[in-house]
Amino acid sequence: MADNWERVISRLERLIDSVEPLLAKKAESSQYSTNSLDKYIAFRWKNHDGWGHLIPVKRPDLVDIADLIDIERQIEILNRNTLQFLRGLPANHVLLWGDRGTGKSSLVKGILHRYASDGLRLIEVNKEGLLHLQEITDLLWGRPERYILFCDDLSFSEGEAAYRELKAMLEGGIAARPKNTIIYATSNRRHLMPRQIGENQFPNSDEDELYPRESTEEKVSLSDRFGLRLVFYRIPQDTYLKIVSHYAQKAGLSMPMDDLHRAALEWETASSGRSGRVARQFVDDLAGQLGLDSK
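Residues numbered from 1 in each chain as written. Predicted model: local features only at pLDDT ≥ 70, side-chain atom pairs only at ≥ 80, totals over all residues. Heavy atoms only, no water.

(A) Structural detail: the overall build of the protein. Scanning the protein from terminus to terminus reveals 9 helices and 7 strands. Counting all 295 residues of the protein, 42% fall into the buried class. Taking the intrachain contacts of the protein between residues at least 6 apart in sequence as the baseline, contacts between residues at least 24 apart amount to 76%. Total accessible area on the protein stands at roughly 17300 Å², and carbon and sulfur atoms take up 49% of it. (Helix = DSSP H or I, 4+ residues; strand = E, 2+ residues; numbered from the N terminus. Buried < 20%, exposed > 50% of the residue type's maximum accessible area, 1.4 Å probe, protein only. Contact = heavy atoms within 4.5 Å. Areas by Shrake-Rupley, 256 points an atom, 1.4 Å probe, with all protein chains shown as cover.)

What follows is the structure, encoded as structure tokens:
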């Protein structure tokens, strides 16, 4: 019997020896994250060896909201919601969804730029980081700043664990959410998950599920938990050309307007589609070409 106890104790000692470095590493990571929160306005959550910590973004991409053309309604709503959040008033989590390149991510970064001096901060959390949402909010609990947890270009496949974690954080989890955090997410999908045409047909004889409507309700329930859902449509041609003119003026390009627009339309035809991102890429390319010619 004594020999058995000695073996058990020996195993426990080895287990403790293996766990202690991990706990020390976690404590060090937590202290590093806390110190960074005092110095920077933007962060990324990074997972490593089962632990996570905040990585400061020392030179964040701060967008001027004045550069976002013809999305005044979306700007107004997100700005108002953010002001409510900053002033400790009730505010909603926000899903910005729609066509790619239409200003969703830029608007969130523009909101950070506008209100960083008022204590607004942004933490970019990728899909894997959603599994650590509770750890992130525990780290932020009680701090004086206000934090946007930014989930960019979000979408899920069925059964992903991160989907459940986000759903619980938005509404329905047992843990309380700190009043100084809010979630802003962008996606090309309205419901964040793929849906099939057959899901709109009840009953669906091709499905094995006994209650297919419940499966569909499960898919749409995540987006429903965002109190505000802002849609971004593919921009019309006149808006595209307006954006081109705006960026060309900012870049100091001297070029007849007709020639500028003609070249912009040719660029659009050869690109992935009409969007603000494509307009910016066109102006960057044109400014580069003209810069080379001038030298």
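Past the structure itself, the notes keep going.
(B) Inspection of the pattern of salt bridges at higher detail. Going through the model one piece at a time under the given rule, you end up with 9 salt bridges. In this structure, Arg-44 engages Glu-124 in a salt bridge whose closest nitrogen and oxygen atoms are separated by 3.1 Å. Here Glu-124 lies in strand E4 (residues 120-124) and Arg-44 lies in strand E1 (residues 42-48), a separation of 80 residues in the sequence. Between Glu-145 and Arg-143 there is a salt bridge, and its shortest N-O distance comes to 3.0 Å. Like Glu-145, the residue Arg-143 is buried in the burial classification. (Salt bridge = Lys/Arg side-chain N within 4 Å of Asp/Glu carboxyl O.)

(C) Fine view of the side chain of Ser-275. Relative to the helices and strands, Ser-275 is located in the loop between helix H8 (257-270) and helix H9 (276-294). Looking at Ser-275, the relative accessible area reads 6%, which means it is buried. A polar atom in the side chain of Ser-275 sits 3.2 Å from the backbone nitrogen of Val-278. Setting aside residues up to four positions removed in sequence, Ser-275 forms contacts with Arg-100, Gly-101, Ile-235 and Tyr-240. (Polar contact = N/O pair within 3.5 Å; in protein donor to acceptor, adjacent residues only side chain to side chain.)

(D) Layout of helix H2 (residues 72-86). The end-to-end C-alpha separation of H2 is 21 Å, in line with the 21 Å expected for 15 residues at 1.5 Å each. Buried residues of H2: Gln-74, Ile-75, Ile-77, Leu-78, Asn-79, Asn-81, Thr-82, Phe-85 and Leu-86, and no others. In the core, the buried residues of H2 are packed alongside strand E3 (94-98), helix H3 (104-115), E4, strand E5 (146-151), strand E6 (181-187) and strand E7 (228-232). Following H2 by one or two positions, Gly-88 adopts a phi angle in the positive range, close to 75 degrees. (Expected span 1.5 Å × (residues − 1).)

(E) Spotlight on the pairing of E4. Most of E4 is tucked away: 4 of the 5 residues are buried. Two elements, E4 and E5, share 5 bridges in a ladder whose sense is parallel. Its bridge partner lying in E5, Glu-124 is registered against Phe-150. With helix H4 (residues 133-140) bridging E4 and the parallel E5, this β-α-β connection has right-handed handedness. (Pairing = 2+ DSSP bridges. Right-handed = clockwise from strand over helix to strand, strands pointing away.)

(F) Seen up close, the layout of surface pockets. By volume, the largest pocket is sized at about 600 Å³. Lining the largest pocket are 30 residues, with Gly-101, Thr-102, Gly-103, Ser-106 and Arg-277 positioned closest to its centre. Mapped by element, the contributors of at least two residues to the lining of the largest pocket are H3, E6, helix H7 (237-250) and H9. Looking at the lining of the largest pocket element by element, the count peaks at 5 residues for H9. Grouping the amino acids of the lining of the largest pocket by side-chain chemistry returns 8 nonpolar, 10 polar and 12 charged. Of the voids in this model, the second largest pocket is the one considered here, and its volume is about 230 Å³. Taken together, 13 residues make up the lining of the second largest pocket; nearest its centre are Arg-44, Lys-109, Leu-122, Glu-124 and Phe-150. Broken down by secondary-structure element, the contributors of at least two residues to the lining of the second largest pocket are E1, H3 and E4. For the lining of the second largest pocket, a count of residues per class yields 7 nonpolar, 1 polar and 5 charged. (1 Å grid on protein atoms, 1.4 Å probe; cavity = no way out; pocket = protein on both sides within 12 Å on 5 of 7 lines; lining within 4 Å. Points joined across faces, edges and corners; volume = space filled by probe spheres on them. Nonpolar A, V, L, I, M, F, W, Y, C, P; charged D, E, K, R; others polar.)

(G) Examining the packing of aromatic side chains more closely. Enumeration over the complete set of coordinates arrives at 1 aromatic pair. Positioned above the aromatic ring of Phe-85 is the side chain of Arg-146, whose terminal nitrogen or guanidinium carbon lies 5.4 Å from the ring centre. (Phe/Tyr/Trp six-rings, centres within 6.5 Å; stacked < 30°, edge-to-face > 60°. Lys NZ or Arg CZ within 6 Å of the ring centre and 35° of its normal.)

(H) Layout of the confidence of the model for the protein. Looking at the protein as a whole, the pLDDT averages 83, with 75% of positions reaching at least 70. Confidence drops under a pLDDT of 50 for residues 195-202, and excluding neighbours within four residues, the segment shows 10 contacts in the predicted structure. (pLDDT = per-residue confidence, 0-100.)

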